[in-house]
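# Reading the structure
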Amino acid sequence: VQLVESGGGLVQAGGSLRLSCAASESTFSPNAMNWYRQASGKQRELVAVINSGGGTNYVDSVKGRFTVSRDNAKNTMYLQMNSLKPEDTAVYYCNAEIWGGGRWYNYWGQGTQVTVSS
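Now for a look at the structure at hand.

Quick notes on the rules
Residue indices begin from 1 for each chain and proceed along its sequence in written order. A pLDDT threshold of at least 70 governs which residues receive local features in this predicted model, and a stricter bar of 80 or more applies before side-chain atom pairs are shown or counted, although totals over entire chains, interfaces and linings include all residues. By convention in this description, side-chain values take in all heavy atoms of the structure and omit both hydrogens and water. Think of it in three bands: residues with accessible area under 20% of the maximum for their type are buried, residues over 50% are exposed, and the middle band is partly exposed, with areas taken using a 1.4 Å probe on protein chains only. Each helix corresponds to a stretch of at least 4 residues labelled H or I by DSSP, and each strand to a stretch of at least 2 residues labelled E; elements are numbered beginning at the N terminus. Pairing between two strands requires that DSSP report at least two bridges joining them. For this document, the term salt bridge refers to a Lys or Arg side-chain nitrogen within 4 Å of an Asp or Glu carboxyl oxygen.

## As for the pairing of strand β4 (residues 32-38)
- Most of β4 is tucked away, with six of its seven residues classed as buried.
- The sheet contact formed by β4 and strand β5 (residues 45-51) spans six bridges and is antiparallel. Considered in β5, the bridge of tyrosine 36 is made with leucine 46.
- Hairpin remark: β4 followed by β5, antiparallel, with six residues in the connecting loop; positive phi at glycine 41, about 80 degrees.
- With seven bridges connecting them, β4 and strand β9 (residues 90-100) associate as antiparallel partners. Within β9, the position partnered with glutamine 38 by the bridge is valine 91.

Below, the structure is given as structure tokens:
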């Protein structure tokens, strides 16, 4: 399974972007899908989670500004980012977790750059 992100770019502070993460297989049914980000010189950070039941969770710094969603028919997860701040600048990665055969399997996308100018 491949995960392909898109939608990154350069935006001014206060602007919006929508990231997409598309899975290559139509039968892909992860237990949870996540958005991570990694700013230059910093550790990768979990930003948003959406589980198979549609439940979501966010890191405090993006609550009220970011919304994660998934379209199971299109095998795609989204991250709507509003009121962007310069500190949101990072490479954003999508991740999928599947439980099977007594272990977790993790899949990662290649990452998409988000740059927010002040």
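So, next bit.
## Some thoughts on the pattern of salt bridges
- Evaluated as defined, the whole model comprises four salt bridges.
- The salt bridge partner of lysine 63 is aspartate 60, with a shortest N-O separation of 3.0 Å.
- Given the relative accessible area of 45%, lysine 63 is considered partly exposed.
- With a shortest N-O distance of 2.8 Å, arginine 65 and aspartate 88 are connected by a salt bridge. Of this pair, arginine 65 sits in the loop between β6 (56-58) and β7 (66-71) while aspartate 88 is found in the loop between β8 (76-81) and β9, placing the two residues 23 residues apart along the sequence. Take arginine 65 and aspartate 88: they sit in the same class, and that class is buried.
- Three or more residues joined by partner-sharing salt bridges are found here, namely Arg37, Glu45, Arg65 and Asp88.

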